[in-house]
Amino acid sequence: MSIDPSLTIAQFDYELPPELIAQSPPAQRQGSRLLHLDGAGQLHDRQFTDLPGLLRKGDLLVFNDTRVIKARLHGQKSSGGKVEVLIERVTGPDTALAHIRASKSPKPGTLLELADGKVLADCTGREDALFALRFHEPVLDMLEQYGATPLPPYITHAADEQDESRYQTVYARHPGAVAAPTAGLHFTDDMLATLRAQGVDQAFVTLHVGAGTFQPVRVDNISEHVMHAERYHVPAATLAKIEATRAAGGRIIAVGTTSVRSLESAASKEPGMNQRCADGSIEGDTRLFITPGFQYQWVDALITNFHLPQSTLLMLVSALAGIEPIQRAYQHAVQSRYRFFSYGDAMFIEPPTP
């Protein structure tokens, strides 16, 4: 899909007082506030515990069940220079692509000694800005033992035990993400049970969120921006529930922008965006860039957190609700002292009623 060349980065900016960036989660998972933007463009200040009252029997919630891995490692090159490694994507049992911070970038053939020498990895090459690494042991097992939870760059404290549990959804199943699908952090097992009891169905996709989700757009004309790639999978069971929900007149409500990207990539007719597997599922590497003018195929509404100024995710929610309503909602959120970003409060966004 072509992007409107008149769209500029200035249309997706807002002023955010730094003290509104949530540095820790609320005391209780579902203890956040919820800003509801309804189909008439009206704003309602609610609590996240009010969400069941905003959903209807026959609605389908679609969650991203990726699991955050302890992707951050520290150590040194065999030559002695310090390095910080952030795994971006696990590519095999003992291989991964990673961001590396060092005074001098490691060359192919460099041995990295991480976690006080307990973890060894060979740098085997580069793929654009990422370094290809081959570890001397299984990657996921090693990270679980020696890695640290990769908190977003705007959270200033080092990851601790609370982050290991709270920077993870209660339904996380498939390890591979280096950032949490944060809209899902508000849900508890009790709320999921309550929603099922009132006839709100639930389905899952898997998209392993990469560190690129925090990268700012660095061009004035957003049509020039190149999106980062993320791997996603939409199971056949989820596709069947989407079809049944559509047929019964229910709404498909994405929980988080990563669920949106998964669903809309699976629905896309663009070549290379998806492929259907033998088991009936759909998967692919998506670079889908959703901006105002985008025609949503499957997603009818969205539960999400507040997003960074000038970010692709702010553009995605503006494509669903409109630039002006989202700007108005964010201004209201700032004035009302909502908490922002990963550990912050949530929004329930319904697109304009035709």
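Parameters and conventions
- Residues numbered from 1 in each chain as written.
- Predicted model: local features only at pLDDT ≥ 70, side-chain atom pairs only at ≥ 80, totals over all residues.
- Heavy atoms only, no water.
- UniProt positions renumbered as here; feature names shortened; annotations may be inferred.
- Helix = DSSP H or I, 4+ residues; strand = E, 2+ residues; numbered from the N terminus.
- Rg over C-alpha atoms; globule rule 2.2 N^0.38 Å.
- Buried < 20%, exposed > 50% of the residue type's maximum accessible area, 1.4 Å probe, protein only.
- Lys, Arg positive; Asp, Glu negative; His and termini not counted.
- Charge placed at Lys NZ, Arg CZ, Asp CG, Glu CD.
- Pairing = 2+ DSSP bridges.
- Axes fitted to C-alpha atoms, helices over the stretch in contact; angles between N-to-C directions.
- Contact = heavy atoms within 4.5 Å.
- Core = buried A, V, L, I, M, F, W, Y, C linked by side-chain atoms within 4.5 Å.

- Per an unreviewed UniProt entry, the protein is named S-adenosylmethionine:tRNA ribosyltransferase-isomerase, and its organism is Alcaligenes ammonioxydans.
- Per its UniProt entry, the protein bears the Catalytic activity (unreviewed entry) comment "7-aminomethyl-7-carbaguanosine(34) in tRNA + S-adenosyl-L-methionine = epoxyqueuosine(34) in tRNA + adenine + L-methionine + 2 H(+)".
- On record in UniProt, under Pathway (unreviewed entry), the comment for the protein is "tRNA modification; tRNA-queuosine biosynthesis."

## Remarks on the overall build of the protein
No. 1: A tally of regular secondary structure across the protein gives eight helices and 18 strands.
No. 2: For 354 residues, the compact-globule estimate of 2.2 N^0.38 gives 20 Å, and the protein sits close to it at 20 Å.
No. 3: With the principal axes as the frame, the protein shows a C-alpha extent of 65 × 50 × 45 Å.
No. 4: Every one of the 354 residues in the protein was classed for burial, and the buried ones make up 55%.
No. 5: Between the averaged position of the 32 positive side-chain charges in the protein and that of its 40 negative side-chain charges there is a distance of 1 Å.

## Structural notes on the sheet that holds strand β5 (residues 72–77)
No. 1: Here six strands make up a closed barrel; going around it, the order is β5-β6-β7-β10-β9-β8 and the pairing antiparallel. Each strand axis lies, on average, 45 degrees off the axis of its neighbour in the sheet, ignoring direction.
No. 2: Lying on the sheet, helix α2 (residues 139–146) is in contact with β5, β6 (82–92), β7 (95–102), β9 (119–127) and β10 (130–135); it crosses β6 at an angle near 140 degrees.

## Regarding the nonpolar core
No. 1: Grouped together as the largest cluster of nonpolar side chains are 69 residues, with contacts concentrated most on Tyr167, Tyr296 and Phe340.
No. 2: Top contributing element to this core by residue count: helix α7 (residues 312–321), with seven residues.
No. 3: The residues touching tyrosine 296, leaving out its near neighbours within four places in the chain, are Val260, Glu264, Ile290, Leu316, Ala319 and Leu320.
No. 4: In this structure, Val85, Ile87, Leu114 and Val119 belong to the second largest nonpolar core, which totals 24 residues.

## A closer look at the side chain of threonine 291
No. 1: Position of threonine 291 among the secondary structure elements: in the loop between β16 (282–286) and β17 (301–305).
No. 2: Beyond its immediate chain neighbours, meaning those up to four positions away, threonine 291 contacts Ile3, Leu7, Ile222, Met315 and Ala319.

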